[in-house]
Amino acid sequence: MIIEPSESKPLLPSLPKACTGIKGLDEITGGGLPQGRPTLVCGSAGCGKTVFSMEFLVHGALMYNEPGVFMAFEEKTEELTINVASLGFDLEKLQQERMIRLDHVHLERSEIEETGEYDLDGLFIRLGHAIDSIGAKRVVLDTIESLFSGLTNQAIIRAELRRLFEWLKDKKVTTIITGEKGEGTLTRHGLEEYVSDCVILLDHRVENKISTRLLRIVKYRGSVHGTNEYPFLIDEDGISVVPVTSLGLSHDVSSERISSGVSGLDSMLGGKGFFRGSSVLVSGTAGTGKTSLAGSFANQTCVSGERCIYFAFEESPKQIIRNMHSIGIDLQAHVDNHMLRLLASRPTINGLEMHLLSITKQVLDFDPSVVILDPITNLVSVGSVSEVKSVLIRLIDFLQGADITVMFTALSLNDNISEQTDESISSLVDAWLLVRDIEFNGERNRGLYVMKSRGMKHSNQVREFVISDSGLDLVDVYMGRDGILTGSAREEQQLAEKTENVIRTHAVSRKDKEIERKRTVLESKIASLREEFDSMQDELNKTYVEEELTRKVMEQNRQEILQKRGGIQ
Amino acid sequence: MSKHPELSQDEDYPEDSDFYVLRLYVTGASINSLRAIVNIKEICDKYIPDSYSLEIIDVYQQKSIAEQEQIIALPLLIKRLPLPEKRLIGDMSDTLKVLNGLGIAI
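Remember, it's a predicted structure, so these values are computed and weren't measured experimentally. (Residues numbered from 1 in each chain as written. Chains lettered and ligands numbered in written order. Predicted model: local features only at pLDDT ≥ 70, side-chain atom pairs only at ≥ 80, totals over all residues. Heavy atoms only, no water.)

Participant: Looking at this structure, how should I read the pattern of salt bridges?
Facilitator: When charged atoms on two side chains of opposite charge get close, those side chains can pair. All names here are of chain A. On inspection of all chains with the given rule, the structure shows 28 salt bridges over all chains. Note that Lys169 is salt-bridged to Asp197, the shortest N-O span being 3.3 Å. Placement of Lys169 in helix H7 (residues 154–170) and of Asp197 in the loop between strand E8 (174–180) and strand E9 (198–207) is noted, with a sequence separation of 28 residues between them. The exposure class of Lys169 is partly exposed, given its relative accessible area of 30%. (Salt bridge = Lys/Arg side-chain N within 4 Å of Asp/Glu carboxyl O. Helix = DSSP H or I, 4+ residues; strand = E, 2+ residues; numbered from the N terminus. Buried < 20%, exposed > 50% of the residue type's maximum accessible area, 1.4 Å probe, protein only.)

Participant: I'm lost on the UniProt feature "domain: KaiB" (unreviewed entry) in chain B in this one. Help?
Facilitator: On the UniProt side, "domain: KaiB" (unreviewed entry) is annotated at positions that read residues 23–104 of chain B here. Between the end C-alpha atoms of residues 23–104 of chain B the distance is 16 Å, and the span holds 37% helix and 26% strand. (UniProt positions renumbered as here; feature names shortened; annotations may be inferred.)

Participant: Got a minute to help me understand the packing of aromatic side chains in this structure?
Facilitator: The geometry of an aromatic ring pair is captured by two quantities: the separation of the ring centres and the angle between the planes. Residues and elements named next belong to chain A. For the coordinates displayed, the defined rule picks out 2 aromatic pairs over all chains. Here the aromatic rings of Phe274 and Phe297 are separated by 5.4 Å at their centres, their planes lie at 80°, and the arrangement is edge-to-face. Highlighted residues: Phe274 in strand E14 (residues 274–275) and Phe297 in helix H9 (residues 290–303), separated in sequence by 23 residues. You can call Phe297 buried: its relative accessible area is 0%. Over the face of the ring belonging to Tyr220 we find Lys17, whose NZ or CZ atom lies 4.9 Å from the ring centre. (Phe/Tyr/Trp six-rings, centres within 6.5 Å; stacked < 30°, edge-to-face > 60°. Lys NZ or Arg CZ within 6 Å of the ring centre and 35° of its normal.)

Participant: Explain the interface of chain B and chain A here, please?
Facilitator: It is common to give the size of an interface as the accessible area lost on bringing the parts into contact. Of the residues lining the interface, 28 residues belong to chain B; the matching set on chain A comes to 26 residues. Both faces combined, the contact of chain B with chain A buries some 2,300 Å², and carbon together with sulfur accounts for 54% of it. The three residues of chain B that bury the most area against chain A are B:Glu67, B:Ile72 and B:Ile89, which together make up 32% of that side's buried surface. For the interface between chain B and chain A, the tally reads 1 salt bridge. Of the charged contacts in the structure, one is a salt bridge between A:Arg101 and B:Glu67, with a shortest N-O distance of 2.8 Å. On the surface where chain B and chain A come into contact, there are 16 residue pairs in polar contact (both at pLDDT 80 or more). Put simply, the parts of the chain that give the side of chain B that touches chain A at least two residues each are helix H1 (31–47), helix H2 (64–68), strand E4 (86–89) and helix H3 (95–102) of chain B. Pairing analysis gives 3 bridges linking strand E6 (residues 112–114) of chain A to E4(B), with the strands arranged parallel. If you follow A:Glu113 over to E4(B), its bridge partner there is B:Leu88. (Contact = heavy atoms within 4.5 Å. Buried area = accessible area lost by both parts, 1.4 Å probe. Polar contact = N/O pair within 3.5 Å; in protein donor to acceptor, adjacent residues only side chain to side chain. Pairing = 2+ DSSP bridges.)

Participant: Mind showing me how you'd approach the side chain of B:Asp91 here?
Facilitator: With respect to the helices and strands, the residue B:Asp91 is situated in the loop between E4 and H3. Using a relative accessible area of 1% as the deciding quantity, one classes B:Asp91 as buried. Beyond its immediate sequence surroundings of up to four residues, B:Asp91 is in contact with A:Thr115, A:Gly116, A:Glu117, B:Asn32, B:Arg35, B:Ala36 and B:Asn39.

Participant: When you look at the environment of A:Gly43 in this model, what are you seeing that I'm missing?
Facilitator: Residues and elements named next belong to chain A. Relative to the elements of secondary structure, Gly43 occurs in strand E3 (residues 38–43). The class for Gly43 is buried, based on a relative accessible area of 0%. Separated by 450 residues in sequence, Gly43 and Gln493 have C-alpha atoms that sit 70 Å apart. Not counting chain neighbours up to four residues away, the residues in contact with Gly43 comprise Lys49, Gly179, Glu180, Lys181, Leu201 and Leu202.

Participant: Where do I start with the sheet that holds strand E2 (residues 52–58) of chain B in this structure?
Facilitator: Strand pairing in a sheet relies on backbone hydrogen bonds. The paired strands run either parallel or antiparallel. An order of E6(A)-E4(B)-E3(B)-E1(B)-E2(B) is seen for the 5 strands of this open sheet, with the pairing classed as mixed. If you trace the sheet from one side to the other, it starts and ends with E6 of chain A together with E2 of chain B, each paired once. For this sheet, the mean inter-axis angle between neighbouring strands, taken without regard to orientation, is 20°. This element, H3(B), spans E6 of chain A together with strand E1 (20–26), strand E3 (76–81) and E4 of chain B of the sheet and lies at about 165° to E4(B). (Axes fitted to C-alpha atoms, helices over the stretch in contact; angles between N-to-C directions.)

Participant: Would you mind showing me how to read helix H3 (residues 77–85) of chain A here?
Facilitator: All names here are of chain A. For H3, the set of buried residues is Thr77, Leu80, Thr81 and Val84. An end-on view of H3 places all buried positions within 100° of arc, on one side of the element. Facing away from the buried side of H3 by over 90 degrees, the exposed positions are Glu78 and Ile82. On its buried side, H3 packs onto helix H2 (49–63), strand E4 (68–72), helix H4 (91–96) and strand E5 (100–104). (Arc of directions from axis to C-beta.)

Participant: Would you explain the sheet that holds strand E7 (residues 138–142) of chain A in this entry?
Facilitator: Residue and element names in this part refer to chain A. Pairing is mixed in the open sheet, where 9 strands are placed in the order E5-E4-E7-E8-E3-E9-E10-E11-E12. Every other strand in the sheet has two partners, leaving E5 and strand E12 (238–241) as the edge strands with one partner each. Between one strand axis and the next, the sheet turns through 20° on average, direction left out of account. Across 4 bridges, the pairing between E7 and E8 is parallel. Looking across to E8, one finds that Val140 is bridged to Ile176. Helix-sheet contacts for helix H5 (residues 121–134) involve E4, E5 and E7, and the interaxial angle to E4 is about 150°.

In structure tokens:
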């Protein structure tokens, strides 16, 4: 035992772990398998036990500098080397570098006669020698249960296995023991009884002829761990487990807006578009332009310099590009610039969990800011509605956690707008756009509603959704006497209004002239009255002056008379 | 008891089909090993006296031999000759099974 110097902080000792290097597994287990202890990996035939354990060893050798011993009870070393070469593991080279040691144990009951008491010291010596020769830190026993078929005395085997696992612990090697799944038990011979530190169950389930690989940590002593069944993939990169679960609702939110690519729609959404990292559902009946909306959104994303993945479940990439071309959207250019990834697959190619996993894998690989799924309706063909819902919840959670905006399109079979979508995810999404046929006046037009849009002011109006050569746009619909007017009825209404406008302008200008004329008449009248007044004033003034003059003259005269008479006085 | 090959005087094995070439793998001085050595010697001396060679090998001394010889359970007795080769495990206490395994008719 190593005693730390006293200056180190009194940290609580936690279980040391050995990283598996398997994508996703180290997250679920919180760092890997228990270091220096045995782990049981069990599952039915073909569920990936050998690949799992081989990946553990090879990653240990390549990434963590921990040499490993692989003791194979079922496959010969040459077979094993060839089998894992498909995953890109060069066991020959690793053996030469003394990082991996393979040992094939051949045990055939018919060749052996048991003549009394024995023990498995041979196995111990062999394993010990292999471990010591390369300084191994990791050991895989695949699958040790072969001992039960090779030897008859079960009591001895059980006692020896118990001793073996203790011995492996003493050796401080991290061990994986694989075991075949038994009836009602984890392993056919009850190995879980001996390996009590960590048990991982692999499963390969086929439902509706579609297979799904699942991984579950049954127990992990001394550590917290995810308890769900996690789907995993085995492909050319080996095993990847993506812990896509409904982890909670604690992700950060962004108040940044991104344009939907349709200016009319943006203005319905408070003029700015969707929130970044939100989920948008576009539902509608067949042929209402859901894919066009999605394509337009993808185009806008790429134009603004962000990346987008478009998962198509109905059309091939070429088809989508061609169809979008007809409305003036060039997706091919974005594909060429590596801004857009168009991925098409039939829903039935995988199980739902696998779809989720491959979507997640693509998203992690491409790091887009927008993901489009078109349409999610088809996923129901590989799972029940509740399964689809559960997958979509986890997908939304995952994407929102990564601040990725997601747009789903969904085909609604009935034309009832108050209905939920078939996948009943409308309660999960942040924004729900409904594209609906409006049949009126012998023609079919598209109406777009914003059913909901969380956290922003949005229009409650129905807009007519117009798809033209130059793209998509929204036009105000007209409320007429007979209800809303769309299409040619709307145009008719527009024309009528235009005419009315012209007439009104004309009428207004005539009235203006009339007023002008009246004003001129009045003004001339005012002028003549003023003249009249002036002359009257003059007249009045004239008498007044005359009177004054007369008075003055008379006064003068009187004075003169007085003077003249003064001589008398 | 010696840990080294004891009765390996016959280096060139006779072609004689009645001659037994036996090799006993043991682990040090464990009880099973000691018992196996005593038992096999007794059986050989009783049923095939003078027509056998017995080599006793301690696997602890030559650890790599375990992988070469596909050894799992010990003690292990390998009958090289006469053919076919046969493997017997255990402390050789079940005389009938040992004789049966070695192909010796009583």
